[in-house]
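# Geometric and topological summary
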Amino acid sequence: MAQDSAPQAPTATAPAAEARSLLPTIVPALLVGVVTSLVLVGVSTAAEELQDVLWQNVPDALGVGRYSVLWMFVMLVATGIAVGLVVWKAPGHAGPDPATTGLEAPVLPPAVLPGLLLATAFMLAGGPSLGPENPIIAVNVSLAVWLGARAFPKAPERGWVALAEAGTIGALFGTPVAAALVISEALAGQRIKGQLWDSLFAPLAAAGAGALTATLVSQPSFDLHLPPFGRPGWGDLLASLVVASAGAVLGMCAVYAFPYVHGVFRRLRHPMLMLPAGGVVLGALAALGGHLTLFKGLDEIAELARDPDGWSAGGFATMTVVKLAALLVAASCGFRGGRIFPAVFVGTALGLCAHALVPGVQPAVGVSAGVLGVLLAVTRQGWVSLFVAAVLVASPGILALLCVASLPAWLLVTGRPHMQLRADGTAVR
């Protein structure tokens, strides 16, 4: 008679955290989420007010066209001078070289933060093609760590960093889903204690508080209200594959050019040379691409989406290339800002260019696929790229197309340099 086989040992898994260990994190997480959101909204609101003065009140008073070539050139050069002065004179020089930073921000001394906030507000108001995400995350992370260490000295620094990043990302996109995706992707390569949702519990609370605060105060929306997209067909699948791959290739052109363009500006050495010179180049690009290629790009993509047939394929192609070049220059010469929102404009213009070239490419498919491909190249954040591309088009059917289209686009970008540099100027891989 055969002997019974020995019982197998249960699979070793990390024990889940108990509720009593998670409950005390809720209040600090909610507070961090609210504060990070208010910092973002405050800086954005101040920048919008300054933008109205600089781009409406002043040119109207001078009798100059608001978006004339002359005024765009003057404003971008003046913005370079203003930000250059802040970087030169402010304590800590308004933080590290922005070409070396990403969404995972360094913890900065409190004395650096006022200069970084001022440089960010000037940049947002003045027209360079960058968004607020990187510097605002850096400010919020530094504030959370500094204040948290005083209120709870035994709490680990990494916990405050995660809460501040989650709260800011939730506020940026108006939903905690984006923060959960970013944190999940960051945790994928780390050993964590307990289950995934144990690690996400407090950051998700912070992201929810940040998103709700931003929604109540400023009501952010990413839906472009493009023509309705119904049931996807084979033609839509082919279009999404081609446009997403084209976006990835286009984005990688900027990624490969990044160290070289940064090196050119770096040879100027002084911020009062680098940033005004960047303003001169951005002014020339604005003259080529028009006023829609200015600023971070969210209001401008809404204007494009209101009339998808309002420009020719050549017009959309010009805006695509000019905006990508403006993003590259602004990120290289020292302006403090992030690269996600202008990349969304690049993808949107690319998708509408595809629609103008081939009318069978539905605007919703072209835009979402274009944004997906460009963001994959620029950010190397797969989940965030999918999320942003999907929320631009309020259609459940688009998500399946994007998931499939992300596969060839990812093959084009994975293992290649990132749009982020080390301190020595070489690209991060």
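Up top is the structure.
Throughout what follows, the structure given in this document is the object of discussion. Everything numeric in this text was worked out from a predicted model, so none of it was measured.

## Let's talk about the packing of helix α14 (residues 363–379) against helix α16 (residues 397–413)
Packing of α14 against α16 leaves a shortest axis separation of 9 Å and a crossing angle of 35°. Note on packing geometry: the crossing formed by α14 with α16 is right-handed. Residue-level inspection shows Ala-364, Val-365, Ser-368, Ala-369, Leu-372, Leu-376 and Ala-377 of α14 in contact with α16, the latter providing Ile-398, Leu-401, Leu-402, Ala-405, Ser-406, Ala-409, Trp-410 and Val-413. Each residue belonging to the contact of α14 with α16 can be placed in one class, and the counts come to 13 nonpolar, two polar and no charged.

## A look at the layout of surface pockets
The calculated volume of the second largest pocket comes to roughly 1000 Å³. In terms of lining, the second largest pocket is formed by 39 residues, of which the most central are Glu-48, Ser-221, Lys-296, Leu-298 and Asp-299. Ranked by residues supplied to the lining of the second largest pocket, first place goes to helix α2 (residues 26–62) with ten residues. The residue makeup of the lining of the second largest pocket, split by class, is 21 nonpolar, ten polar and eight charged.

## With respect to unusual backbone geometry
Phi is positive for Ala-94, close to 60°, though the residue is something other than glycine. By secondary structure assignment, the location of Ala-94 is in the loop between α3 (69–89) and α4 (113–126). Positive phi values are uncommon outside glycine, yet Phe-295 reaches one of about 65°. Tracing the backbone through its elements, the reader meets Phe-295 in the loop between α10 (271–289) and α11 (298–306). A residue is classified by how much of its surface remains accessible, and Phe-295, at 4% relative accessible area, is buried.

## Some thoughts on empty space enclosed by the protein
Considering all chains together, one arrives at two cavities of 30 Å³ or more under this definition. Within this model, the largest cavity holds a volume of roughly 130 Å³. Top element by residues in the lining of the largest cavity is helix α5 (residues 133–151). It accounts for three residues. Counted by class, the lining of the largest cavity contains nine nonpolar, five polar and one charged residues. Its volume calculated, the second largest cavity comes out at about 50 Å³. Lining of the second largest cavity is provided by Leu-76, Gly-127, Ser-129, Leu-282, Leu-285, Ala-286, Thr-293, Leu-294, Val-322 and Ala-326. Elements supplying a minimum of two residues to the lining of the second largest cavity: α10 and α12 (313–333).

## Re a nonpolar patch on the surface
The grouping of Val-34, Leu-38, Leu-216 and Val-217 at the surface amounts to a nonpolar patch, some 380 Å² of accessible area in total. At the level of elements, α2 and α8 (196–218) are the ones that each hand at least two residues to the nonpolar patch. Mapped onto the elements, Leu-216 comes out in helix α8.

## With respect to α16
An α-helix turns once every 3.6 residues. As a result, residues three or four positions apart point the same way. When the terminal C-alpha atoms of α16 are compared, their 25 Å separation across 17 residues agrees well with the 24 Å that a helix rising 1.5 Å per residue should span. Where α16 bends most, at Leu-407, the angle is about 30°, and the proline Pro-408 comes one to four residues later. Those residues of α16 that fall on the buried side of the exposure criterion are Ile-398, Leu-401, Leu-402, Ala-405, Ser-406, Ala-409 and Val-413. Each element contacted by the buried residues of α16 is listed here: α9 (234–266), α14 and α15 (382–391). Taken from the residues just after α16, Gly-415 is the one with a positive phi, measuring 80°.

## Here's the deal with the packing of aromatic side chains
Aromatic ring pairs are described here by two measures, namely the spacing of the ring centres and the angle between the planes. Taken as a whole and assessed by the stated rule, the structure comprises six aromatic pairs. When the ring of Trp-55 is compared with that of Tyr-67, the centres are 5.4 Å apart and the planes differ by 20°; the resulting orientation is stacked. Placement of the pair is Trp-55 in helix α2 and Tyr-67 in the loop between α2 and α3, with a sequence separation of twelve residues. Site record: aromatic cluster; members linked through ring pairs are Trp-55, Tyr-67 and Phe-295. Here the guanidinium or amino end of Lys-89 rests over the ring plane of Trp-88, the centre of that ring lying 4.0 Å away. Directly above the aromatic system of Phe-341 lies the positively charged group of Lys-296, at a separation of 5.8 Å from the ring centroid.

## So, a negative patch on the surface
A cluster of like negative charges, contributed by Glu-48, Glu-49, Asp-52 and Asp-299, occupies part of the molecular surface. Position of Asp-299 among the secondary structure elements: in helix α11.

Reading guide: rules and limits
- Residues numbered from 1 in each chain as written.
- Predicted model: local features only at pLDDT ≥ 70, side-chain atom pairs only at ≥ 80, totals over all residues.
- Heavy atoms only, no water.
- Axes fitted to C-alpha atoms, helices over the stretch in contact; angles between N-to-C directions.
- Helix = DSSP H or I, 4+ residues; strand = E, 2+ residues; numbered from the N terminus.
- Left-handed = near helix turned anticlockwise from the far one by under 90°.
- Contact = heavy atoms within 4.5 Å.
- Nonpolar A, V, L, I, M, F, W, Y, C, P; charged D, E, K, R; others polar.
- 1 Å grid on protein atoms, 1.4 Å probe; cavity = no way out; pocket = protein on both sides within 12 Å on 5 of 7 lines; lining within 4 Å.
- Points joined across faces, edges and corners; volume = space filled by probe spheres on them.
- Buried < 20%, exposed > 50% of the residue type's maximum accessible area, 1.4 Å probe, protein only.
- Patch = residues over 30% accessible without salt bridge, like charges linked within 9 Å, V, L, I, M, F, W, Y side chains within 5 Å.
- Areas by Shrake-Rupley, 256 points an atom, 1.4 Å probe, with all protein chains shown as cover.
- Salt bridge = Lys/Arg side-chain N within 4 Å of Asp/Glu carboxyl O.
- Expected span 1.5 Å × (residues − 1).
- Bend = angle between axes of the 7 residues up to and from the residue.
- Phe/Tyr/Trp six-rings, centres within 6.5 Å; stacked < 30°, edge-to-face > 60°.
- Lys NZ or Arg CZ within 6 Å of the ring centre and 35° of its normal.
- Lys, Arg positive; Asp, Glu negative; His and termini not counted.
- Charge placed at Lys NZ, Arg CZ, Asp CG, Glu CD.

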